[in-house]
Amino acid sequence: MQLTQCRFMNLRYLLLFDLVIVGVRMLVTGTPSYAFLVYNLFLAFIPFALSTWAFRKEWKGASCWILFGLSWVWLFFLPNAPYLLTDFYHLKWKTEMSMLWYDIQMLFFYALTALFFFYKSLQQAEQLWLRFFKRGGGFFIGAVVFLCSYAIYLGRYLRFNTWDLILQPWAVFQDMILAPQTLLFWQIVLPFFFFLLPSYFLFKNLHHK
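About the thresholds
- Going along each chain's sequence as written, the residues are numbered from 1 onward.
- It should be noted that, the model being predicted, local features are given only for residues of pLDDT at least 70 and side-chain atom pairs only at 80 or more, the latter also being counted only at that level, while totals for whole chains, interfaces and linings use all residues.
- Hydrogens and waters are ignored; side-chain quantities use all the structure's heavy atoms.
- Helix numbers and strand numbers start at the N terminus; a helix is a DSSP run of H or I with at least 4 residues, a strand a run of E with at least 2.
- Radius of gyration here uses only the C-alpha atoms, and the compact-globule reference equals 2.2 Å multiplied by the residue count raised to the power 0.38.
- Partly exposed describes any residue whose relative accessible area lies between the buried limit of under 20% and the exposed limit of over 50%, with all areas from a 1.4 Å probe on protein chains only and scaled to the type maximum.
- Only heavy atoms enter the contact rule, under which two residues are in contact if any of them lie within 4.5 Å.
- Computed with the Shrake-Rupley method and a 1.4 Å probe, the accessible areas treat only the protein chains shown as cover for residues.
- Think of a salt bridge as a Lys or Arg side-chain nitrogen and an Asp or Glu carboxyl oxygen that are within 4 Å of each other.
- Note: pLDDT gives the predictor's confidence per residue, expressed from 0 to 100.
- What is meant by a nonpolar core is a set of buried Ala, Val, Leu, Ile, Met, Phe, Trp, Tyr and Cys residues, joined one to another through side-chain atoms within 4.5 Å.
- Lines fitted to C-alpha atoms define the axes, with helix axes restricted to the stretch in contact, and inter-axis angles between N-to-C directions lie between 0 and 180 degrees.
- Any angle between 65 and 115 degrees counts as roughly perpendicular, while under 35 counts as roughly parallel, over 145 as roughly antiparallel, and the rest as oblique.
- In this scheme the crossing of two helices becomes right-handed for a clockwise turn of the near helix relative to the far one and left-handed for an anticlockwise turn of less than a right angle.
- Gly falls in the polar group here, along with every residue not listed as nonpolar (Ala, Val, Leu, Ile, Met, Phe, Trp, Tyr, Cys, Pro) or charged (Asp, Glu, Lys, Arg).

**Some thoughts on the overall build of the chain**
So, step 1. Counting its regular elements, the chain contains 10 helices and 0 strands.
So, step 2. Helices and strands appear in the chain in the N-to-C order α-α-α-α-α-α-α-α-α-α.
So, step 3. Taking 209 residues into account, the globule formula puts the C-alpha radius of gyration at 17 Å, and the chain, at 18 Å, falls close to it.
So, step 4. Counting across all 209 residues of the chain, residues that qualify as buried make up 42%.
So, step 5. Sequence-distant contacts, at least 24 apart, represent 77% of the contacts inside the chain between residues at least 6 apart.
So, step 6. In the form shown here, the chain has an accessible surface area of approximately 12300 Å², with 73% of it arising from carbon and sulfur atoms.

**Quick word on the pattern of salt bridges**
So, step 1. In total, this model carries 4 salt bridges according to the counting rule given.
So, step 2. Here Arg-25 and Asp-103 are joined by a salt bridge, their closest N and O atoms 2.6 Å apart. In this pair, Arg-25 sits in helix H1 (residues 2-29) while Asp-103 sits in helix H6 (residues 100-133), placing the two residues 78 residues apart along the sequence.
So, step 3. Here Arg-25 falls in the buried class, since its relative accessible area comes to 1%.
So, step 4. Linking Arg-156 and Asp-87 is a salt bridge whose minimum nitrogen-to-oxygen distance equals 3.2 Å. Of this pair, Arg-156 sits in helix H7 (residues 137-156) while Asp-87 sits in the loop between helix H4 (80-83) and helix H5 (91-94), placing them 69 residues apart in sequence. Each member of the pair Arg-156 and Asp-87 is classed as buried.

**Some words on the confidence of the model for the chain**
So, step 1. Overall, the predicted model of the chain reaches an average pLDDT of 91, with 95% of residues at or above 70.
So, step 2. Of all secondary-structure elements in the chain, the lowest mean pLDDT belongs to H1, at 81, while H4 reaches the highest, 97.

**Points about the nonpolar core**
So, step 1. By size, the foremost hydrophobic cluster in this structure holds 54 residues, and its most contacted members are Trp-74, Tyr-110, Phe-118, Leu-122, Val-144, Val-145 and Leu-196.
So, step 2. Broken down by secondary-structure element, the contributors of at least two residues to this core are H1, helix H2 (36-56), helix H3 (63-77), H6, H7 and helix H10 (183-206).
So, step 3. Ranked by residues supplied to this core, first place goes to H6 with 11 residues.
So, step 4. Residues contacting Phe-118, with those up to four places away along its chain left out, are Leu-78, Ala-81, Pro-82, Val-145, Cys-148 and Leu-196.

**Structural notes on the packing of H7 against H10**
When two helices pack together, their arrangement is captured by the angle between the axes and the distance separating the axes.
So, step 1. At a closest axis distance of 8 Å, the pairing of H7 and H10 adopts a crossing angle of 140°. Between H7 and H10, the angle is such that the two are oblique. Regarding H7 and H10, the two cross each other, and that crossing is right-handed. Residues Ile-141, Gly-142, Val-145, Phe-146, Ser-149, Tyr-150, Ile-152 and Tyr-153 of H7 pack against Leu-184, Phe-185, Trp-186, Ile-188, Val-189, Phe-192, Phe-193, Leu-196, Leu-197, Tyr-200 and Phe-201 of H10.
So, step 2. A class-by-class count of the residues in the contact of H7 with H10 yields 17 nonpolar, 2 polar and no charged.

Here's what the structure looks like:
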């Protein structure tokens, strides 16, 4: 319990540090260029919060249907966490040379925090899966990571976001069907998949609780 509390405190300090470094940049440059990182990190936090709540709750009987619905919401928001890795893309457009190294390190810390949310949420989801189905945890993780890699492509290159699943689901569905027919899709999805999957298992081995 004490170890869990210690990790939670460390996470709070990391989140506070993330907020501070964006705030300092805004003060130094006088522009809100990277303020969107705070919103992106909030979206990355949502699946972590959902899986943490679900993991601590006992699911029996009819309440399992609530968990089923919650799982879809979790899956819709989960790609927002590894998506922060693509925010390095903004260095080309938003960063002045004088702020280059500051921005690289700022983006690194935001990506690091988001990946913690992602891997911990995946770990909790895998344990929930095994609680119900007893086996197939590896297949479950592989499928979820592939879908997240798929969603990263849809978000960064086709400019869809989580809310579009509600606002324009047919457009999202159409592009999901067409996307694998392009070479760029596989050039983006496969590198993310082969980075996120093994690094998850490394995280799980280093972070048992």
